[in-house]
Amino acid sequence: MALRSGVLRAAARSHVRRGGFGSPRDHEPLWIENWNKDHRAGRDSLDWFFRAFNSTGIYEVFLKSSPRFYGFMVGGGIVGGYYWSRTWDHIWNYINQGCLYAHNPYVYPPDEDDE
């Protein structure tokens, strides 16, 4: 009997679970399933962008995992902020060429001979 009950328990554990409420196998309502079947690949006006973005692999490497996503956003913000600031510094420098103190260095007067 012990052998039979062990076999029955193993068989009960190995049966295919179809899923229930809240499981990943739980079915959506039919209208949602039909909506999800409607893919816009090749018909969207930004299809070229989506194909290019997907080919870079940025999503799989940086955006799929939450810690890597936050690290990517913080690192991107630091690097992006630095270059944004440098860009505006260069624009300001270009517009005010010759008017800034750095562009007009102090010229020391020639030494006077005390002899």
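Rules used in this analysis
- Residues numbered from 1 in each chain as written.
- Predicted model: local features only at pLDDT ≥ 70, side-chain atom pairs only at ≥ 80, totals over all residues.
- Heavy atoms only, no water.
- Helix = DSSP H or I, 4+ residues; strand = E, 2+ residues; numbered from the N terminus.
- Buried < 20%, exposed > 50% of the residue type's maximum accessible area, 1.4 Å probe, protein only.
- Areas by Shrake-Rupley, 256 points an atom, 1.4 Å probe, with all protein chains shown as cover.
- Phe/Tyr/Trp six-rings, centres within 6.5 Å; stacked < 30°, edge-to-face > 60°.
- Salt bridge = Lys/Arg side-chain N within 4 Å of Asp/Glu carboxyl O.

Draft legend 1. Spotlight on the overall build of the protein. Looking only at helices and strands, the protein features five helices and zero strands. Evaluated residue by residue, the protein yields a buried proportion of 3% over its 115 residues. By element, 62% of the accessible surface of the protein is carried by carbon and sulfur atoms, the whole surface being about 11200 Å².

Draft legend 2. Focus on the packing of aromatic side chains. Counted by the stated rule, this structure contains nine aromatic pairs. For the ring pair Phe-49 and Phe-50, a centre distance of 5.8 Å and an interplane angle of 65 degrees mean the geometry is edge-to-face. On the accessibility criterion, Phe-49 (40% relative accessible area) is partly exposed. An aromatic cluster is defined as three or more aromatic residues linked by ring pairs; in this entry it consists of Trp-48, Phe-49, Phe-50 and Phe-53.

Draft legend 3. Representation of the pattern of salt bridges within the structure. Taken as a whole, this structure holds two salt bridges when the rule is applied. A salt bridge links Asp-47 to Arg-51, with the nearest nitrogen and oxygen atoms 2.8 Å apart. Highlighted residues: Asp-47 and Arg-51, both in helix H3 (residues 47-56), separated by four residues, approximately one helical turn. The salt bridge partner of Arg-86 is Asp-89, with a shortest N-O separation of 4.0 Å. One end of the pair is Arg-86 and the other is Asp-89, both in helix H5 (residues 66-95) and three residues apart, which spans about a single turn. Take Arg-86: its relative accessible area is 35%, and that puts it in the partly exposed class.

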